[in-house]
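Coordinate analysis (summary)
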Amino acid sequence: MFSASDENGALLRRVRLLKGVPLFADLAEDELATLVSDFRLREYARDEIIFHQGDVSREVYIVVKGKVRIFRICPAGSETSINIFSTHDVIGEFAAIDGKPRSATAKAIGPTTLLQMVQDRFLYHMQSSPGLAMAMCKLLVQKLRWTASYAETIAQYDAAGRLLHILLLYNEQLGQKVGENGRFELNLDLNQTDLASLVGARREWINRILADWRKRGLIEFDSGKITILDLDRVMAERDSRIEAHLERW
């Protein structure tokens, strides 16, 4: 039997969890307590699909632990990765808002824990809380900015420059500084095929470019973990790719 104090303690822990999510950070505790009751905890194994491109599911998810890769599948069957989401990120809100089929597939990169809310409760909270609605607007703008930055890589960089630019963007979000010499560790849990899908390249090319970068002391790749060996040099290498790409035009 659980006592009232046990239930209150569990509620407080869940409220604190939501408070750490940027989408809910500015909401009052009574609003958070109401939200908590409509979330369900879901566990996913490595490589398990959360939803498929074209699905008519409408749930919204908060990443509690782990990482989720969002990708699209072209008619020929190849994958193009769109984004990687980690702790406290929100996924699946597009379909919940506009009611259209899923625009992409979501897959757990490793063991992943999510909070799930069904569409009707999500829309209810959006309509009931101006603060939540405004926070969602900010989140959508943030995702739009990411998409604009991603599109910029296609226009300005060759494939190697695109990969460097995207890795640097992820490093800003998820990278951990190691020492004082411009060294950062970035654990995306992606294999070479996944990295290739970020920039529309072949796995074999990714293997060659990673080997070249390691030899030149720029980046190391080991079992999904990326180590930026010298941030300034990697940024300079990326920027040099703009000139190389434009010269071809």
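About the thresholds
- Residues numbered from 1 in each chain as written.
- Predicted model: local features only at pLDDT ≥ 70, side-chain atom pairs only at ≥ 80, totals over all residues.
- Heavy atoms only, no water.
- Axes fitted to C-alpha atoms, helices over the stretch in contact; angles between N-to-C directions.
- Helix = DSSP H or I, 4+ residues; strand = E, 2+ residues; numbered from the N terminus.
- Parallel < 35°, antiparallel > 145°, perpendicular 65-115°, else oblique.
- Left-handed = near helix turned anticlockwise from the far one by under 90°.
- Contact = heavy atoms within 4.5 Å.
- Salt bridge = Lys/Arg side-chain N within 4 Å of Asp/Glu carboxyl O.
- Buried < 20%, exposed > 50% of the residue type's maximum accessible area, 1.4 Å probe, protein only.
- Phe/Tyr/Trp six-rings, centres within 6.5 Å; stacked < 30°, edge-to-face > 60°.
- Lys NZ or Arg CZ within 6 Å of the ring centre and 35° of its normal.
- Polar contact = N/O pair within 3.5 Å; in protein donor to acceptor, adjacent residues only side chain to side chain.
- Pairing = 2+ DSSP bridges.

1. Topic: the packing of helix H6 (residues 159–174) against helix H8 (residues 203–215)
As a packed pair, H6 and H8 sit with axes 11 Å apart at the nearest point and diverge in direction by 70 degrees. With respect to their mutual orientation, H6 and H8 come out roughly perpendicular. Where H6 crosses over H8, the two elements pack in a sense that is right-handed. For the pair H6 and H8, contact is made by Ala-159, Ala-160, Leu-163 and Leu-164 and by Trp-205, Ile-206, Ile-209 and Trp-213, respectively.

2. Topic: the pattern of salt bridges
Considering all chains together, one arrives at 11 salt bridges under this definition. When the shortest N-O distance is used, the salt bridge between Asp-212 and Arg-216 registers 3.3 Å. Taking relative accessible area as the criterion, Asp-212 reaches 29% and is therefore assigned partly exposed. Note that Glu-220 and Arg-214 form a salt bridge whose closest N and O atoms lie 3.9 Å from each other.

3. Concerning the packing of aromatic side chains
Two numbers describe a pair of aromatic rings. These are the distance of the centres and the angle of the planes. Taken as a whole and judged by the stated rule, the model has 3 aromatic pairs. Both rings, one in Phe-24 and one in Phe-39, keep their centres 6.1 Å apart while their planes meet at 70 degrees; by these two values the pair is edge-to-face. A residue pair is termed long-range when its members are at least 10 positions apart, and Phe-24 in the loop between helix H1 (4–19) and helix H2 (29–36) and Phe-39 in the loop between H2 and strand S1 (40–44) qualify at 15 residues. With a relative accessible area of 3%, Phe-24 lands in the buried category. Taking NZ or CZ as reference, Arg-102 lies 4.0 Å from the ring centre of Phe-51, over its face.

4. Some words on helix H7 (residues 192–199)
In terms of burial, H7 is largely enclosed, as 7 of its 8 residues are buried. All buried positions along H7 are accounted for by Gln-192, Asp-194, Leu-195, Ala-196, Ser-197, Leu-198 and Val-199. Capping of H7 at its N-terminal end is provided by Asn-191; its side-chain oxygen lies 3.0 Å from the backbone amide nitrogen of Thr-193. In the segment just after H7, Gly-200 is the residue with positive phi, at about 70 degrees.

5. Some details on the sheet that holds strand S8 (residues 112–117)
Think of a sheet as strands paired side by side through backbone hydrogen bonds, with each pair either parallel or antiparallel. The strand order S1-S8-S3-S6 describes an open sheet built from 4 strands, whose pairing is antiparallel. Of all the strands in the sheet, just S1 and strand S6 (90–91) have a single pairing partner and so form its edges. Bridge analysis of strand S3 (residues 60–65) against S6 gives 2 bridges, and the strand direction is antiparallel. Each bridged residue has a counterpart across the sheet, and for Ile-62 the counterpart in S6 is Val-90.

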